[in-house]
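An overview of the molecular structure
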Amino acid sequence: ELINPIDIASGTGRMFFLILNQLKFKNRLFAIDKSPTMCEYILKTIKRRRVYTNNLKVIPCCIKQIAQKIGCKTNFIISCFGFPSKTSDRETSLKELKAICSVLMPGGVFVTIGWDETFNDELSTVFFKYVNDKYNSDNFEKWRQQKTKDIKSTRNCHLTWFKRGIKVPLQFNS
């Protein structure tokens, strides 16, 4: 059973609303996003969908502020393309990971969904087709190579889970 589940870097609230509509949880469901505009969007969606509960909390803050802002522990945190932050270096990534772990209960689960730095996954093929960026190419492989060349530091790959010493695989097959 989920206790105080948290969606980090909620964006439009896709995961937040999946948890709300499909899973049972105790206490509160949190949406955390650095952008006040995205938090407003989620609040408007809650109002538009006529969700009447005081168990939802939408908080504009960065990952490193999570413990101060939510003021409780959780056994489930999920983040889609939000951890580590897009501009994170290794030191910032570790600070963010420590902040996340500081609110996790013993035995809690942190799920992170994102792409690897080679951009060789299904989500990158979607971004290539539908998201405008500075890499103009009509060929996925050329786009991927251009994007990979611009990476100045690793962001999502080869982080070591500091509590257990296991590698965190962030590329997924399905």
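Here the structure is a predicted model, which means the values were calculated and not measured. (Residues numbered from 1 in each chain as written. Predicted model: local features only at pLDDT ≥ 70, side-chain atom pairs only at ≥ 80, totals over all residues. Heavy atoms only, no water.)

This part takes up the side chain of Asp7. One can find Asp7 in strand E2 (residues 6-8). One buried charged residue, Asp7, remains without a salt bridge, the closest side chain of opposite sign being Arg14 at 9.2 Å. Leaving out residues up to four positions away in the same chain, Asp7 has contacts with Met15, Phe16, Phe30, Ala31, Ile32 and Ile78. (Helix = DSSP H or I, 4+ residues; strand = E, 2+ residues; numbered from the N terminus. Buried < 20%, exposed > 50% of the residue type's maximum accessible area, 1.4 Å probe, protein only. Lys, Arg positive; Asp, Glu negative; His and termini not counted. Salt bridge = Lys/Arg side-chain N within 4 Å of Asp/Glu carboxyl O. Contact = heavy atoms within 4.5 Å.)

The next subject is the pattern of salt bridges. Per the stated rule, a full pass over the model turns up two salt bridges. Of the charged contacts, one joins Glu1 and Lys26 as a salt bridge, the two residues approaching to 3.3 Å between their closest N and O atoms. Taken together, the positions of Glu1 in the segment before strand E1 (2-3) and Lys26 in strand E3 (residues 25-26) put the pair 25 residues apart, joining distant regions of the chain. Among the residues examined, Glu1 registers a relative accessible area of 62% and is labelled exposed. Among the residues examined, Lys26 registers a relative accessible area of 43% and is labelled partly exposed. Note that Arg144 is salt-bridged to Glu141, the shortest N-O span being 2.6 Å. Of the two residues, Arg144 and Glu141 both sit in helix H6 (residues 140-149), three residues apart, roughly one turn of that helix. Overall, Glu141 belongs to the partly exposed group, its relative accessible area being 33%.

This part covers the packing of aromatic side chains. Taken as a whole and judged by the stated rule, the model has two aromatic pairs. Ring geometry for Phe16 and Phe17: centres 5.2 Å apart, planes at 85°, overall edge-to-face. By the burial criterion, Phe16 is buried, and Phe17 matches it. The aromatic ring of Phe17 is capped on one face by Arg49, whose charged end is 4.3 Å from the ring centroid. (Phe/Tyr/Trp six-rings, centres within 6.5 Å; stacked < 30°, edge-to-face > 60°. Lys NZ or Arg CZ within 6 Å of the ring centre and 35° of its normal.)

Attention now moves to the sheet that holds strand E4 (residues 29-33). Taken in spatial order, the five strands of this open sheet run E5-E4-E2-E6-E7, and their pairing is parallel. At either margin of the open sheet sits one strand with a lone partner, and together these are strand E5 (56-60) and strand E7 (104-113). Within the sheet, the average angular offset between the axes of one strand and its neighbour, ignoring direction, is 15°. Sheet topology note: the E2/strand E6 (residues 74-80) ladder contains three bridges and is parallel. Looking at the pairing, Asp7 lines up with Ile78 of E6. Against the sheet, helix H1 (residues 14-22) makes contact with E2, E4, E5, E6 and E7, and its axis sits at roughly 180° relative to E4, the strand it touches most. Lying on the sheet, helix H2 (residues 36-48) is in contact with E4 and E5; it crosses E5 at an angle near 160°. (Pairing = 2+ DSSP bridges. Axes fitted to C-alpha atoms, helices over the stretch in contact; angles between N-to-C directions.)

Function-wise, these values are silent; they only describe arrangement.
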